[in-house]
Protein chains: 2
Amino acid sequence: MNTQATEFDLIARYFNRPVPKDMLGGGDDCALFSVPAGKQVATSTDLLLEGRHFFSDVDARTLGHKALAVNLSDLAAMGASPIGCLLGLGLPSMDPGWIEKFAEGFYALAAEHHCHLIGGDTTRSLNGITLSVTVFGVVDPLHAMHRRAAQPGDEIWVSGYLGAADIACRMLAGEIPTQPELLKKIRHALELPVPRVALGQALARHAHAAIDVSDGLLQDLGHILKASGCGAQILESTLPIHRDLLGLPAHLLRRAALAGGDLYELCFTAPVSAHAVIDEIGRELSIPLTCIGTATLLNDLQVVDAAGCIVPDLPAGFDHFRM
Amino acid sequence: MNTQATEFDLIARYFNRPVPKDMLGGGDDCALFSVPAGKQVATSTDLLLEGRHFFSDVDARTLGHKALAVNLSDLAAMGASPIGCLLGLGLPSMDPGWIEKFAEGFYALAAEHHCHLIGGDTTRSLNGITLSVTVFGVVDPLHAMHRRAAQPGDEIWVSGYLGAADIACRMLAGEIPTQPELLKKIRHALELPVPRVALGQALARHAHAAIDVSDGLLQDLGHILKASGCGAQILESTLPIHRDLLGLPAHLLRRAALAGGDLYELCFTAPVSAHAVIDEIGRELSIPLTCIGTATLLNDLQVVDAAGCIVPDLPAGFDHFRM
């Protein structure tokens, strides 16, 4: 075994925490896990590349958190319960301190959501850091929230607050002037997104369609509408803008709220009859849930401003770094 | 939606073939699949980087085949039956012809093994082609071939023939002189490896431990021995060297057979009592299966040459491109 293999064996040690008895973790050709009777496996994968999905100088712990968070967010949008994950890690060099911090960030979020790291692949990369995360969850097939399940008349909801990740990303990228005090308050929204896993599970029995807002509210809601063959009217005045942003110019706020990505809140549709129970779910989980509009028969996505006029020239979809 | 997104939507079209009714394929937050009662899910992931795991000018169809083949080989080594896969694809530019050929190579092998492509992630890469493939299979937990399951006294077997992929890779890399006629005969062993999926399933009820030979016979067998806490004696004269290589110098053959990677044959251990049934499995599947030695109590891996002497200075593990 050559030196290089030994180095990467060392890396593997940081990712070798024990897994439950009914699973087989790393160190074999495959990982193994069980699925309760009647459930389906939900799975999703994301490829994250340095310079494209994260800044080269990103904090390692933060990156470990985010790499898993964006995948857990996909399970959340399906209403699935996480059970395990695989990590592919391509690294240009061996920095044990960096690896240790990355592993800490990854494992902390994994533990919080009972999502066991059961395998992966480690290799030397010639060109920057490359991450590949695959998550597995289980879901009752009758209650999985498919994108195609929205119905005209459904209310459209969004969790949490809008805009902070987009404004933070634009400040860090130098696209808009940095306000240091504001950036300090909001950059965690970009770097440490909270996947809405418990919310997704709670909604699964009541909501129709759901998606996580990774590419911007309009674009992601658009995916639901296209798959479901319906349209929507969104009331701009109801959009839950992040309160720390309220002093910013209106055009920045509109763009951040409607087109800002990297958000990982859930956008979902549910019948009007479920309004009260959804309000109750939000209260129980202490997650703000806001009804922002209605799905329509007309195959078009309209945003209506405070004066009752349709907003022309809606901001385009997400166009900077995307996870 | 910007131009870039549209380009990548086009890419996604090449990977949008239908999936069986009990699965949910691409275009939602997660893919979904079912697992028969009593079975476990076996899963494995590989990260493949341009310049490290494949040459930059590799044929796209070949790369599509190999990216899936190396993962199917992991399922084979567990004795699992493939059911689906995810593909992460990072590309520096958009060449529809390249994508189409890659998809052809990938889908042809996927169809052969009933391994449905059910999801993935596509992104623009700033630094060369990046591939991430995750496969899923199902396996009876009582018969999964774990690395830790070898027992002293087990016979050690290998499928197929040894050395061709290693010699082809060294010729292509310029490490040894190229013999054009020979290279023509053997390069398919490197570029179009055949995952031993049916063999793995057939062996699962009879073999103890198994691994696929991706990093070299000694190194991979070493993983089994280490995990199982035993040793082995290998008889060099029994090694099934690829017949086209037999004119090459003995030191090249020894290194290719014992340390050559990128092979994707199965190395497995089984009790002596299973010898006849394993011979029969090889005949039924028309796959050469060769008994090459025995697992021992002594915690050491020895290769015994034709004169009955222990070979000193065994070749080191795999040290060039690896999948």
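For the structure itself, look to the data block above.
Conventions adopted
- Throughout, a residue's number is its position along its own chain's written sequence, starting from 1.
- Going through the entries in the order they are written, you letter the chains from A and number the ligands from 1.
- Only residues with pLDDT of at least 70 are given local features in this predicted model, and only at 80 or more are side-chain atom pairs given and counted; all residues enter the totals for whole chains, interfaces and linings.
- Water and hydrogen atoms were dropped before computing side-chain values, which therefore reflect all heavy atoms in the structure.
- Only the contacting stretch of a helix is used when fitting its axis, a line to C-alpha atoms as for every element, and angles between N-to-C directions run 0 to 180 degrees.
- A run of H or I in DSSP counts as a helix once it spans at least four residues, and a run of E counts as a strand once it spans at least two, with each numbered from the N terminus.
- Helix crossings get a hand from a simple test, with the near helix turned counterclockwise from the far one by less than a right angle marking a left-handed crossing and a clockwise turn marking a right-handed one.
- Should any heavy atoms of two residues lie within 4.5 Å, those residues are counted as being in contact.
- Each residue is assigned to one of three groups, with Ala, Val, Leu, Ile, Met, Phe, Trp, Tyr, Cys and Pro labelled nonpolar, Asp, Glu, Lys and Arg labelled charged, and all others, Gly among them, labelled polar.
- The copies are overlaid by a least-squares fit using only the C-alpha atoms of residues whose pLDDT is at least 70 in both copies.
- What makes a salt bridge here is a side-chain nitrogen of Lys or Arg within 4 Å of a carboxyl oxygen of Asp or Glu, nothing more.
- Classification of residues uses two cut-offs on accessible area relative to the type maximum, computed with a 1.4 Å probe and protein chains only: under 20% is buried, over 50% is exposed, and between them is partly exposed.
- Strand pairing is assigned whenever DSSP detects at least two bridges linking the two strands.

1. Section: the packing of helix H2 (residues 60-78) of chain A against helix H3 (residues 96-112) of chain A
Residue and element names in this part refer to chain A. The geometry of H2 relative to H3 is characterised by a closest axis approach of 6 Å and an angle of 35° between their N-to-C directions. Both H2 and H3 take part in a crossing whose hand is right-handed. When H2 is examined against H3, the residues Ala-60, Arg-61, Leu-63, Gly-64, His-65, Leu-68, Ala-69 and Leu-72 are found in contact with a partner set consisting of Trp-98, Lys-101, Phe-102, Glu-104, Gly-105, Phe-106, Leu-109 and Ala-110. Looking at the contact of H2 with H3, its residues break down into ten nonpolar, three polar and three charged.

2. Topic: the relation of the copies chain A and chain B
Mapping chain A onto chain B is achieved by rotating through 180° and translating by 0.0 Å along the same axis, at an RMSD of 0.0 Å. This pairing of chains is accounted for by a two-fold axis. When the interface residues of chain A are mapped onto chain B, 100% of them again fall at the interface, so both copies present the same face.

3. Structural notes on the pattern of salt bridges
Any two side chains of opposite charge can pair, given that their charged atoms come close. All names here are of chain A. Under the defined criterion, the tally for this structure stands at 20 salt bridges over all chains. For the salt bridge of Glu-175 with Arg-170, the shortest nitrogen-to-oxygen distance reads 2.7 Å. What makes Glu-175 partly exposed here is its relative accessible area of 44%.

4. Focus on the sheet that holds strand S2 (residues 40-49) of chain B
The five strands are arranged S1(A)-S2(B)-S5(B)-S3(B)-S4(B) in an open sheet whose pairing can be described as mixed. Only two strands of the sheet have a single neighbouring strand rather than two, namely strand S1 (31-33) of chain A together with strand S4 (116-124) of chain B. Across the sheet, the mean angle separating the axes of adjacent strands is 20° when strand polarity is ignored. Pairing of S2(B) with strand S5 (residues 130-139) of chain B involves ten bridges; the strand directions are antiparallel. For Ala42(B), the partnering residue across the bridge sits in S5(B) and is Gly137(B). Contacting S1 of chain A together with S2, strand S3 (81-91) and S5 of chain B, helix H2 (residues 60-78) of chain B crosses the sheet at an angle of about 35° to S5(B). Packed onto the sheet, helix H3 (residues 96-112) of chain B meets S3, S4 and S5 of chain B and runs at close to 165° relative to S3(B).

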